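Residue-level structure breakdown
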Amino acid sequence: CLRSLYDEGFMHFSLNTRQWQWDTKVIDSKGVSDSAVKLMTRQILTFPAKTQNALKLIACLGSYTDECVLSAITADDNSGSQQENSHVWEPITSGHNELMSSLQLAIRQGIIVHTESKYKFTHDSFQHAAYSLISETERGLWHLWIGNRVRLDQTLSPEKALFITVGQLNKGAKFIDDADERVELAWLNLQAAEISISYAAFVPASFHLRVGRSLLDENCWRDQYKLCLQISVLQAEVKQCEGSFKEMDKILEEIFLNAKCLDDKIRSYFIRVRSLSAQGKQQEALEVGLLVLSLLGEPVPTSSDMRAIIKEEFLKTKQLLEGKTNDDLLSLKAMENSRKIAAMQQLNDLILFAFVARQKEYHVLVFKTIQISLCHGMCKEATIGLAMYGGLLIQYFNDIEGGYRFGQLAMSLVEKLQASACLARVYTAFHTFINSSSQHHRVSLEPLKLASQVALRVGDVEYSVMSARQYCIHSYQCGIELSTVEKFFRKGCQQMEEHKQVVVLKITLPYLQTVLNLMGQSDDPLKLIGQAMDYKNMLKEALRNKNQSVLICTIYHLQSWLAYIFNEYELASEMAAKCPNAQVLSSYPVFLKCDVYFLSGLISFAMAYKTKNEKWRIKGQSSIEVIELHAGYAPSNYQHKLFLLQAEFDSIRGKIDDAAKNYDNAVRAAGENGYVQDQALAYERAANFYMKQGDDHSAIQYYADAQNAYLRWGAVSKVNHLRENLPL
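The paragraphs below set out a description of the structure included in this document. (Residues numbered from 1 in each chain as written. Predicted model: local features only at pLDDT ≥ 70, side-chain atom pairs only at ≥ 80, totals over all residues. Heavy atoms only, no water.)

**Some points on the packing of helix α24 (residues 400-417) against helix α25 (residues 420-434)**
Angle between the axes and distance between the axes: these two values describe a pair of packed helices. It is at 10 Å that the axes of α24 and α25 come closest, and there the two elements cross at 165°. Our classification of the angle between α24 and α25 gives roughly antiparallel. Handedness of the α24/α25 crossing: left-handed. Residues G403, Y404, G407, Q408, A410, M411 and V414 of α24 form the contact with α25, whose own contacting residues are L423, V426, Y427, F430, H431 and I434. Each residue belonging to the contact of α24 with α25 can be placed in one class, and the counts come to nine nonpolar, four polar and no charged. (Axes fitted to C-alpha atoms, helices over the stretch in contact; angles between N-to-C directions. Helix = DSSP H or I, 4+ residues; strand = E, 2+ residues; numbered from the N terminus. Parallel < 35°, antiparallel > 145°, perpendicular 65-115°, else oblique. Left-handed = near helix turned anticlockwise from the far one by under 90°. Contact = heavy atoms within 4.5 Å. Nonpolar A, V, L, I, M, F, W, Y, C, P; charged D, E, K, R; others polar.)

Structure follows, in structure tokens:
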């Protein structure tokens, strides 16, 4: 036997250690035939019975195990769990020390490696060989014995003991005849699934839930109602996170058929609403969600005149908040009514869906969260409402101080209530809608990245992908080198695809294609057509479906920006004018809002110079007013934009000295704050200005600086465009 393994090259004698050693590289390269495994099995059979049984024990645990696990299994005080078939386990029931001693031969023979506190088979084939020594009729009993021994142990961490116990008992489940024991194991699988979900490990969670459900009989909805309901709801939730919507629907139908009351159906309704949104069925998701709110006693007012309702609900909210300090709000009683809490949970989901698809309902839903909190007390879900309300104050009312106040209040409430499950949502809301109104835009990057990770850990897929999207977009807006930004987008889009978050993916792809266009990875840098998308097909689909204004405006805004960057001012103007509802973008997060007005001002002054039409000057001045307001609160984000707009305005008015000064101010401020793309643009606009003044020397220098800045940003197509179109 030894000679055969030696001849095959699977093992050799080491002169240094004077022991036989296995060559795992040879084993992997040749593959292990059945005959070779049989030879290894024969080698193990030459060992004493105690060594064989020790190897069998480790093989039952996998390719390796910790010494503490072996200690837990062989501890003397766990002997009470030993099965009647004691002869099967007798060789390893004499204690931990004897087990360790019996393994020394296997270590010397190179079957097992002992490193630090781990015992590991030197190759998976050795584990298979050792495991094959246990007859199929006895394997389940071995696993049951191991699982029960570990379960009784008090030395392992509860989580480690749970997963080993469940893993072993599941493998021996067919030997469990007692109904109560099967139910007990189903509960253990449910616990394991819940822990797995907390780590965003949906595959093992799905496995544990499937096993747990299989342990229950056909009367489980009658006899084990609570357990069956919990497993089924969690199964549906995992399927939703995985994007397995057909399987999820079957589970939900079973829940709706068997659940005894509305309270037991609520979580399943939430899952259905989220799944509809993930599939791009925003209208249906909102309709079902609004119906659920009505069932919970919190109907949301709707009307053809939504503006009137928005005004009414805002005034109602403002009145409820009047005179209340931060301390007053933080000291509100805790919400106790379970249905009000459920309504807050549903509102939290609907706010995100309405933000993407139906802006008018978005306002009313945010106001509703504040109203319920003020009337019925605070709960962890109120944190998101406060953050969103702060965003609305900035977006629509230019109340930057008030918006920042409610954003900070939301963060404080998360800490007070220890609402870790809501942390991702609050971070996403705060750093999307509020942060950039007063702090540098880059401050938002790490919190958004953290929010995406935390949301995924708690199974909040929708906010995980949304915060990932914002992280990518903010990275692009902050002027991070484009090849790096592309990697961020690729990773984020992959996550969206994996979790089948269709809507978020669609409104993200135009940004990825914009990055690719700037990097020179498209045939026409002016059109969003390439690896990521074809704007014609996407627009056709969006225009066919209702409530796609966000996607439509995003496409036209980015195409307008590209047209301006490549000096096609009339095309830029046409693209901007095609947005079906300009307020959709201008009422978005403050940084995007300022981007929209910044671009509008640049286009307007370019068209004013070309056409001499006064309407363009007036429109450009309006943009200056908006940027000036926000530059007063967050100069690190907007002061350079203001300088550049003022320079362009000065240029068309013939204020040469003021224009030159403001161009230099724009270059300096953009550079100081890390906005390399805006610094490049400021250099280019200054070069154009000096060219018009006949100062070729200054123009050449500014064009060279523009080219270098665009190159640092990674905008290869723009660098090539400058080289090919220099007016010199």
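More follows now that the structure is in view.
**Looking at the pattern of salt bridges**
Pairs can form between side chains of opposite charge whenever their charged atoms are close. As enumerated under the stated definition, the model contains 28 salt bridges in all. A salt bridge links E570 to K610, with the shortest nitrogen-to-oxygen separation between them at 2.9 Å. In this pair, E570 is assigned in helix α32 (residues 569-577) and K610 in helix α34 (residues 590-611), connecting sequence segments 40 residues apart. Its relative accessible area of 41% is what places E570 among the partly exposed residues. Between E684 and K718 there is a salt bridge; the shortest N-O distance is 2.9 Å. (Salt bridge = Lys/Arg side-chain N within 4 Å of Asp/Glu carboxyl O. Buried < 20%, exposed > 50% of the residue type's maximum accessible area, 1.4 Å probe, protein only.)

**Section: the environment of I507**
Looking at the element boundaries, I507 is found in helix α29 (residues 502-518). For I507, a relative accessible area of 5% gives the class buried. Counting along the chain gives 465 residues from I507 to R42, while the straight-line C-alpha distance between them is 62 Å. Each residue touching I507, except ones within four places of it in the same chain, is listed here: V356, R469, V550, L551 and T554.

**Considerations on the packing of aromatic side chains**
Scanning the entire structure with this criterion turns up 20 aromatic pairs. With centroids separated by 5.6 Å and ring planes inclined at 55°, the aromatic side chains of F355 and Y362 adopt a geometry described as tilted. With a centroid separation of 5.8 Å and 45° between ring planes, the pair formed by F591 and Y638 is classed as tilted. In this pair, F591 sits in helix α34 while Y638 sits in helix α36 (residues 635-653), placing the two residues 47 residues apart along the sequence. Three or more aromatic residues joined by ring pairs form one cluster here, namely F314, F367, Y389, F397 and F406. Its guanidinium or amino end placed over the ring of Y225, K260 lies 4.3 Å from that ring's centre, counting from NZ or CZ. Lying over the aromatic face of F406, R405 brings its terminal NZ or CZ to 4.7 Å of the ring centre. (Phe/Tyr/Trp six-rings, centres within 6.5 Å; stacked < 30°, edge-to-face > 60°. Lys NZ or Arg CZ within 6 Å of the ring centre and 35° of its normal.)

**Focus on the sheet that holds strand β4 (residues 112-115)**
Either a parallel or an antiparallel arrangement is found when strands of a sheet pair, and the pairing is made through backbone hydrogen bonds. Strand order in the open sheet formed by three strands is β3-β5-β4, and the pairing between neighbours is antiparallel. Only two strands of the sheet have a single neighbouring strand rather than two, namely β3 (64-66) and β4. Adjacent strand axes in the sheet meet at a mean angle of 15° when their direction is disregarded. Where β3 meets strand β5 (residues 118-121), three bridges bridge the pair, whose relative direction is antiparallel. In the sheet register, D66 faces β5, and the bridge partner there is K118. Most of the contacts of helix α4 (residues 49-61) go to β5, to which it runs at about 90°, and overall it touches β3, β4 and β5. (Pairing = 2+ DSSP bridges.)

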